[in-house]
Each structure stands twice: as structure tokens, then as C-alpha cells.
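# Report on the structure
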Amino acid sequence: MTTYIIRRLIQALFVLIIVTLIVFFVMRLLPGDPIIIYVAQTAQLEAMPPEMVDELRAKFGLDKPIMVQYFNWVTGIFRGDFGTSIFYHENVGTLMAERFPVTAHIGVLALVVGAVLGVLAGLLAAIRRGKWADKVITPVTYIGITIPVFFLAILMIYLFGLILGWLPIYGYTSPFDDLWKSTRQLVMPVFCMAVFGLAANARQMRSSMLEVIRQDYVRTAWSKGLSERKVIMRHAMKNSLIPVITLMGLGVGMVLGGSVLVETIFAIPGVGRLMVSSILGQDYVVVQAITFVMALIILVVNLIVDISYGWLDPRIRYG
Amino acid sequence: MVRESNNLIEFEEAPPRVSEWRRFRRVFFSRGVVVFGLVVLLVLFFTAIFATWLAPYDPYKPGTAESLAQPSLEHPLGSDILGRDTLSRLIYGSRTALMVGFISVFVAGIIGIPLGVIAGFVSGITNILIMRTMDALLCFPMLILALVMASVLGGGIQNVIIALSIATLPGYARVTCGLTLSLRENDYILAERAMGSSNLRTMLGHILPNAFPPLIVLMTMQLGGLILAEAGLSFLGIGIKPPDAAWGAMVNDGYNYLKTNPALSFAPCIAIMLVVFSFNMVGDGLRDALDPRLRGLL
């Protein structure tokens, strides 16, 4: 097990290096010179003498050879310095520190909602297989994994925001400022983010539960005369949760990817919205940083999932 | 319940011989939702092929209707701000969606599957390089990777296809690699090797054909995901560029008039959802038909 963890860590480090290479070099393939775009946005390009353009280029470190720029970028990350945003004139680290908590707030809530409700729905569908609970839950999960996030968002905005007027249709308030307002604003975005994970978890839970309740040890538990609650909760559920945990690892990726759409629709000042505006504005320093941090989060989550897998299921051997 | 499923497997494996194709057909068409998905997809193909004849108006020409007309007999789904007929744009959008979906699946498959077979078959540095690069690509959320790629390349149908292909390629490589690893342990591969067959011959003639059924299922399901991702990109304004009709972009255009003209946004949304749902269902049906043991479990 220890050997496996060490090997897995080395592997992850290697993947991390490739991630930095991808993030850095793909972004530098951008068409157009970021400095020229910046200048064109802030001042009149014609009025700017070429020396000043070169000076700006030097200020952002864009005059050095590309390999030097890469090493500066990577070493900068280790010092917690992601560079300076070309547009916001602010340290990208500071920018992200403002935005990430917002995304994390929504994302964590969505993951929790998706996990708890998904597992419960899947459990119910499995133990009442073929009954009405299953007949309702299973088709709904099909819809849940196929509905586009933006459709759900627009549908909810139309219904609860515009027609019924129950919920505010955009914005984000910190829960420390105004808890009630914050909660009301969060209902729709959190639900939109949670729905895919909820449906996927429910499907996975249902199928692995059906697999587990056919096992001999569950039959033994039944024949011992244990109550249904004990058989399901103590014996069957624990083992059928294992595949669901892998899915929750994937869920983090879904939430980060979905934040781009959900935060744009609900005008939430999170990292997804920053990403979209930076892409549209070709602010590559910010895009680089966000892409890197998202990949890093997923890498770490996958690492944790992989390692906990062996701990949860001792049958898995590490050869 | 336990007995029942055991019997099912025994029955499936026992003679008398039923032709593979007949068994496939029986399982595939036995579920209502699968047939529903298939019908939706057939209608979609029909619409995309005959868009020129089916569309009542020119989807690109402004002013065929009043600006933001409500649904009426002449314009069943109303019109957008420029006075373009929504139904016509919806019909033309099916071409964009299908084109992006099919070409991206094809490109991603044709690169990703060989990479996976090679990585699974050859150990050592090649395997490490391929699989770790794929792992690195998998660290990015699919939509984020496609978003960055599309913005780097600059939007438009062609670049969206490239972006989506790169974003989905690692999935194929990983699945194929796993399949290859388990297939190469089979005795028939050993026999093939003992007869002195080269690596290339074994990979192309024996590993690839046997890995194909699960890959077909994966590709069918991916089609839905790709169309969804394309819609997401276009919705954010980074995908298909106007004037090309794309469902995602139509949703975004209509979003500003949600209260007065809900049909503008809802029509393309429903189209996207139906198509994604249908591809998923058909993929599901294919999986059941190709691997009957999984029936009812997933």
C-alpha cells in the first residue's frame, strides 16, 4: 500500500509537469499579440510610440525567450505568484482569491446536495426495483444527466424568477453579509450545478446496489433474520458506495466546468465568469492561472479518490 | 430475482443457435425509450439533410418577419430581433449540431483509439508518455479545455471541431488502453503471438476488432456530449460564429427576450435536450444489445 501511494504520488507529479506544459504553451499559441490588444483597449494604438510598447512588453516579461518565460511562470507559481493580469492590473493570485471562494461555496453545496440526494434516490430505486419509486426515479435520472445546464437554468429563471417571482434571477451575496438573501440567490445556481451529479450518483448507486444485494454475504445477513434496515444500511450500502465515490471525484470536474455556464447565466462573480471574460478579452495570464488551478484541484481530488479506493475496498490489490 | 437473472444468462448462452444479428435486434428494439431515441435521431438526420427544402424561410436573411414576432401560423416559433424565422434557424442548426458531433467523434476516435491500443500493448516509455499525457489532458474539465482551445484557435465550425476533438480524445485513449490490457491476456492473442504474428498485426487484426463494441457505445454516447459541449461554447459566444445557425447561440440570443419571447430560447434548448437524450438512449440500447449481461443493471 505504501509503495502504491509513493508510486501514485510520483505519477501525479509527472502528470502535473505535463499539465504546466500544456497550460503554458497552448495559451501562448493565442492569435494576436496580447500587448497590442491591451494597448488597443486602453489607449489609442497610433498615439503610442513603439518604445513604450517595448517597455510594456518588458514589464510583462514577454520579450524573453519562450522557455525562459515558461520557467519564470512555473517558479512563480511555487512562490504563489501567478503574474499580473493585463486587464485588471492586479495580481492574478489576488483576483483568484476573491473569486474562488464564491465558486467553491456554490460548488461544495452542489456536490453535497448531489451526493446526499443522489445516493438516497439510487438506494430507494434499487431496493424498490420495479416498484413505483424506481419507475419515477430512473426516468428522472435519465433526464437529469441529459438536460443542458443552461436549459435548466433558463427554465428555472423563467418559471421561478419571471413568472412566479419567487427567487432573484441573478447575483451573489456573501452569506456573512445577508444570509437570507444569499440563500435565496443560491437556490437556482446550486440546483443547476447539482442536477447532473445527483442523477449520475443515483444511477451509479442503483446499479452498484443491485450488484451488491445479489452477493452471498447479503443473503447471509437476510437469513440471519436481520431487519431490512440493518441489511441495507449496515451490509449492502457500505459496499455499494465505493463506485459512487469515484463518481464524486468526477463531480468536482463537472462542477468546475459547469461554473463557466452557471456563473455566466446567474451573473455570479466567481472564477468561471472571470474565465469567460478573460478568454473574451484575451487576458491570457488569467486564463493560464485559472486553467492551471482547476487542473491542479482535479489532479489532487483524483489522487485522493484513487488512494481512498484501496483503503475502502481491501480486495483491490496493488501489483 | 437472483435465480431469474442467472437463468437469463444460461439461456442466452445455450443452443439452439440464434443469429447474432437477430439477438441484437431483439434486445435493441425491446425498450421503448431506445426506439424513441432512434426515431428522434432519424427525424434529425432527415431534417439536416433536407434542411433547404424543409425550412419555410431563409434562416440567414433578416426581415422575413417582423422583429421579435410572436409565434403565429406563418412563423410557428416566432422570429428573433433581426426578424429571422426561428423555425428555419432551428432546422439549419441541426446541420451544425450533427456536423460538429460526427466529425469530432470521428477525429477524436481516429487519434485516440490507436493511441490507446499502442499504450496498452507496448509497455515502457511509450506507454508512460502517452498515458501520462492523456491523464494530464483529463485533469482539465472537458468544457474548460474545449473553451480554451476554441478561443486559442478562434471559434468557427472548423476550430470548434478541433477543440472538441482534443478535449474528448483522452477519454478514448484511456478506455481503449484499458480494453487492450484485458484483451491481450486472452489465449487467442497468445496463440497468435506463438504463430509469429507481428505486434502491428496483432493490434490491428485481433485487439482492435474485439475492442470495438464497447468503443461504439462510447462514441454514440459521446455524440450527445459533444453536441451539448458545442451548444455550451456557442452559448458563451466562443463557439460557432454568426451568421451560422447554432442552437447554443440561438439560446443566448433569445435569452435577452426571455420574458416576452420565451420560444426563442426554449425551442433550441428543447432541440438540444432531445438530441442529447436520444443519443444517450441509443447508446444505452447498443450497450444492452452488445452485452446482455448488463441488462437492467445500469
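None of these values were measured; they are calculated from a predicted model.

Before going further, it helps to spend a moment on the overall build of chain A. When its secondary structure is counted, chain A shows 12 helices and zero strands. Listed by position from the N terminus, the elements making up chain A come as α-α-α-α-α-α-α-α-α-α-α-α. In terms of overall dimensions, chain A has C-alpha extents of about 85 × 60 × 35 Å along its principal axes. Sorting the 319 residues of chain A into buried and exposed places 36% on the buried side. The contacts of chain A with a sequence gap of at least 6 include a subset with a gap of at least 24, amounting to 71%.

This part is about the overall build of chain B. Check the secondary structure of chain B and you find 12 helices and zero strands. Going from the N terminus to the C terminus, chain B shows its helices and strands as α-α-α-α-α-α-α-α-α-α-α-α. Expressed as a percentage of the 298 residues in chain B, the buried residues total 45%. Sequence separation of 24 or more characterises 68% of the internal contacts of chain B that already satisfy a separation of 6 or more.

Attention shifts here to the interface of chain B and chain A. Residue-level contacts link 37 residues of chain B with 37 residues of chain A. For the side of chain B that touches chain A, the secondary-structure elements that each account for two or more residues are helix H6 (125–138), helix H7 (142–153), helix H10 (199–235), helix H11 (247–255) and helix H12 (262–290) of chain B. For the side of chain B that touches chain A, the leading source of residues is H12(B), giving eight residues. Class assignment for the residues of the side of chain B that touches chain A results in 27 nonpolar, seven polar and three charged.

Taking 1.5 Å per residue, 26 residues should reach 38 Å; helix H1 (residues 2–27) of chain A reaches 37 Å between its end C-alpha atoms and fits that length. Listed in full, the buried residues belonging to H1(A) are A:Val15, A:Val19, A:Ile22, A:Val23 and A:Met27. Of the surrounding elements, those touching the buried residues of H1(A) are helix H12 (284–312) of chain A together with H6 and H7 of chain B.

Let's shift gears to the packing of helix H7 (residues 149–163) of chain A against helix H10 (residues 228–265) of chain A. Residue and element names in this part refer to chain A. One can describe the packing of H7 onto H10 by two numbers: an axis separation of 10 Å at closest approach and a directional angle of 25°. The angle between H7 and H10 places the two elements in the roughly parallel class. Helix-helix and strand crossings are classified by hand; for H7 and H10 the assignment is right-handed. Together, Val-149, Phe-150 and Ala-153 of H7 and Gly-258, Leu-261, Val-262 and Ile-265 of H10 make up the contact between the two elements. Across the contact of H7 with H10, the residue classes break down as six nonpolar, one polar and no charged.

This part covers the environment of B:Cys177. All names here are of chain B. Following the sequence through the fold, Cys-177 ends up in helix H8 (residues 157–183). Classification of Cys-177 as buried rests on a count of 23 C-beta atoms within 10 Å. Between the C-alpha atom of Cys-177 and that of Ile-118, which follows or precedes it by 59 residues, the distance is 7.6 Å. For Cys-177, the residues in contact, after removing those within four places along its chain, are Gly-116, Ala-119, Gly-120 and Met-131.

Residues and elements named next belong to chain B. Tracing the chain through its elements places Thr-86 in helix H5 (residues 86–121). For the pair Thr-86 and Phe-106, spaced 20 residues apart in sequence, the C-alpha separation works out to 30 Å. Here Thr-86 is in contact with Leu-77, Gly-78, Ser-79, Asp-80, Ala-263, Leu-264 and Ala-267, once residues within four sequence places are set aside.

It is worth spelling out the packing of H5(B) against H8(B) at this point. Residue and element names in this part refer to chain B. Where H5 meets H8, the closest approach of the two axes is 6 Å, and the angle between their N-to-C directions is 35°. Taken as a pair, H5 and H8 cross one another with a handedness that is right-handed. A class-by-class count of the residues in the contact of H5 with H8 yields 22 nonpolar, 10 polar and one charged.

Mean pLDDT for chain A: 82, with 92% of residues reaching 70 or above. The least confident element of chain A, judged by mean pLDDT, is helix H2 (residues 34–42) of chain A at 62; the most confident is helix H5 (residues 92–127) of chain A at 89.

The next point concerns helix H8 (residues 179–212) of chain A. Residue and element names in this part refer to chain A. Across its 34 residues, H8 extends only 42 Å between first and last C-alpha, which sits more than 12% below the 50 Å expected from 1.5 Å per residue. Most pronounced at Leu-186, the bend in H8 amounts to some 40°, and the proline Pro-189 follows within four residues. In terms of burial, H8 is a largely internal element, 24 of the 34 residues being buried.

Turning our eyes to something else, we now look at the nonpolar core. One finds A:Ala153, B:Leu145, B:Ala146, B:Leu147, B:Ile227 and B:Ile272 to be the most contacted residues of the largest nonpolar core, which totals 159 residues. In terms of residue count, H8(A) provides more of this core than any other element does, 16 residues in total. Apart from residues no more than four positions distant in its own chain, B:Leu145 is found in contact with B:Leu137, B:Phe140, B:Ile166 and B:Ala167.

Before going further, it helps to examine unusual backbone geometry. All names here are of chain A. The backbone phi angle of Ala-267 is positive, close to 50°, even though this residue is not glycine. Mapped onto the elements of the fold, Ala-267 is located in the loop between H10 and helix H11 (271–280). Classification of Ala-267 as exposed rests on a count of 12 C-beta atoms within 10 Å.

Thresholds, definitions, all that
- Residues numbered from 1 in each chain as written.
- Chains lettered and ligands numbered in written order.
- Predicted model: local features only at pLDDT ≥ 70, side-chain atom pairs only at ≥ 80, totals over all residues.
- Helix = DSSP H or I, 4+ residues; strand = E, 2+ residues; numbered from the N terminus.
- Buried ≥ 20, exposed ≤ 12 C-beta atoms within 10 Å, placed from the backbone.
- Contact = placed C-beta atoms within 7 Å.
- Nonpolar A, V, L, I, M, F, W, Y, C, P; charged D, E, K, R; others polar.
- Expected span 1.5 Å × (residues − 1).
- Axes fitted to C-alpha atoms, helices over the stretch in contact; angles between N-to-C directions.
- Parallel < 35°, antiparallel > 145°, perpendicular 65-115°, else oblique.
- Left-handed = near helix turned anticlockwise from the far one by under 90°.
- pLDDT = per-residue confidence, 0-100.
- Bend = angle between axes of the 7 residues up to and from the residue.
- Core = buried A, V, L, I, M, F, W, Y, C linked by C-beta atoms within 7 Å.

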